[in-house]
Amino acid sequence: MRSGPKQTDRVWETDHGVTMRMPTDRYPYFRLDYHLGGKRHQRSAGTDWQSAWAEADRLDALVAAHAGAGTQQQFAHLAEAWFERKSREWSVSYKASTRRYLDKHVLPEVGHLILSDLQLVDLEDLMDQLPTVEVKKKVRVLLSSLLHWGQRRKWLAAPASDLLPDRPTREGTGVQPVTMDEVPAERDVQALFHALAAPRTHQTKRGLRTYWPPEWVPYMALIAAYGGLRIGEIVALRGRHVSDDTVLVERQIVVVQGQLHETPPKSNSVRTVVITRRALTGEVDLASWIQKRAEEVGPDGLIFPSPKGEVWRPGNFRRQHFDKAREQAWNNQPWTFHSLRHFAATRALQLKLAPQDVQALLGHQSVRTTLDTYVGHQAEALERMRGTL
């Protein structure tokens, strides 16, 4: 047995992945955590150090004895075990998108393969069949997490690094087109708006507690749906960026290694966006609302701050507000906050905006990106636009 801290010095790990956690005030006993047959197991090991250590040794030998069994499973079994375990840590939207990539791109190609026979060429063939560089990147991230998770639990006969294909490049790839089922309708945007504004009740030690979201939270969805802004661009907006019925998009918030950074927008797409006065079929005068909000906060004030008045981390907004409202409003549809940008694009096309205008709205680097992305459900309009280029 070897010992080594995992997160703190109070966690020890054996050669075959059995972790032993020291007693704490909350759990005044040793706790053992291990994986066997692709499933996670947890158990108490009492309060005596020597007895807990001996039990960890016994489990380590048991895991080692069964280590070869996982390699005879199919790739699909590993994928399902990985997804079931890791998805507990993910947001609802990330879980839905990962499930979609597994079912659509990965499992149909390699799900039937026996893990002991899995080779690099199998996953390279999978990557070669993916339609775009963006899909390749996302699938490679998925495979990296899945394979390293499987390696730590002795599912693989070869190291994960020997099976993982090289990172994709942009050579010879196009843009992933958006299909109709990836675009919410206006009634779905309306349902999300009201779900974001609604109070939430949850249980605390003192009983039921009702939480009212900040009044600007539902308008974040409308700015994305009718202005085409990304979430990082929305949380970076300040009062000086608003002028009458327009918004200047010149900054975005990104998170790098846990730290917030303010940078120019993606592809340096500094742009001015006109805000509608008839959002949700006239229910909301969005332009008047954001102008009034800018006057309230002043030139340097944030239009959409966190509940503490600070710059909002995009991930925190999703977890604290969007994911909960999404479940309520969208009935587990596989849409994300980024889907609101797809709504903005399709709405602009329906209004017969020129392709260059839609490009300017979304901040795409080229008009070709706009045309190649929003096809299918707007096929006739796009063909007419292509004819004018």
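Conventions we followed
- Residues numbered from 1 in each chain as written.
- Predicted model: local features only at pLDDT ≥ 70, side-chain atom pairs only at ≥ 80, totals over all residues.
- Heavy atoms only, no water.
- Pairing = 2+ DSSP bridges.
- Helix = DSSP H or I, 4+ residues; strand = E, 2+ residues; numbered from the N terminus.
- Patch = residues over 30% accessible without salt bridge, like charges linked within 9 Å, V, L, I, M, F, W, Y side chains within 5 Å.
- Areas by Shrake-Rupley, 256 points an atom, 1.4 Å probe, with all protein chains shown as cover.
- Salt bridge = Lys/Arg side-chain N within 4 Å of Asp/Glu carboxyl O.
- Lys, Arg positive; Asp, Glu negative; His and termini not counted.
- Charge placed at Lys NZ, Arg CZ, Asp CG, Glu CD.
- Expected span 1.5 Å × (residues − 1).
- Buried < 20%, exposed > 50% of the residue type's maximum accessible area, 1.4 Å probe, protein only.
- Arc of directions from axis to C-beta.
- Contact = heavy atoms within 4.5 Å.
- Axes fitted to C-alpha atoms, helices over the stretch in contact; angles between N-to-C directions.
- Nonpolar A, V, L, I, M, F, W, Y, C, P; charged D, E, K, R; others polar.

Now for the sheet that holds strand 7 (residues 242–243). Strands pair in a sheet through their backbones, by hydrogen bonds, and they do so in one of two ways: parallel or antiparallel. Read across the sheet, 3 strands follow the order 7-8-11 without closing on themselves; strand pairing throughout is antiparallel. Because the sheet does not close on itself, it has two edges, and the strands there are strand 7 and strand 11 (271–274). As paired elements, strand 8 (residues 246–249) and strand 11 share 4 bridges and run antiparallel to each other. In the strand pairing of strand 11, V249 is matched with R271.

Moving on, we come to a positive patch on the surface. A cluster of basic residues, R100, K104, K137, K138 and K266, forms a positive patch at the surface. The set of elements that each furnish at least two residues to the positive patch consists of helix 3 (92–110) and helix 5 (133–152). Along the chain, K104 falls in helix 3.

The next subject is helix 7 (residues 186–197). Here helix 7 is 12 residues long and its end C-alpha atoms lie 17 Å apart, about the 16 Å a rise of 1.5 Å per residue gives. Residues D188, V189, L192, F193, A195 and L196 constitute the buried set of helix 7. Down the axis of helix 7, the buried set is contained in an arc of 170°. They therefore lie on one face. Buried residues along helix 7 sit against helix 8 (217–227), helix 10 (279–282), helix 12 (314–330) and helix 13 (339–350).

This next bit is on helix 2 (residues 75–86). Relative to the 16 Å expected for 12 residues at 1.5 Å per residue, helix 2 spans 16 Å between its end C-alpha atoms, a close match to the ideal helical length. Taking burial as the measure, the 12 residues of helix 2 include 9 buried ones, the bulk of the element. Those residues of helix 2 not exposed but buried are F75, A76, L78, A79, A81, W82, F83, R85 and K86. Looking at the buried positions of helix 2, the neighbouring elements they touch are strand 4 (39–44), helix 3 and helix 5.

Turning our eyes to something else, we now look at the packing of helix 3 against helix 12. Two numbers describe how helix 3 lies on helix 12: the axes approach to 8 Å, and their chain directions differ by 65°. Note on element contacts: helix 12 touches helix 3 through D323, R326 and E327, opposite V92, S93 and A96. Taken together, the residues that form the contact of helix 3 with helix 12 break down as 2 nonpolar, 1 polar and 3 charged.

Turning next to the sheet that holds strand 2 (residues 19–21). Strand order in the open sheet made by the 4 strands is 1-2-3-4, with antiparallel pairing throughout. With one partner strand each, in any of the chains shown, strand 1 (11–13) and strand 4 form the two edges of the open sheet. Taken pair by pair, the neighbouring strands of this sheet meet at an average axis angle of 20°, ignoring direction. The pairing of strand 2 with strand 3 (residues 31–36) spans 3 bridges and is antiparallel.

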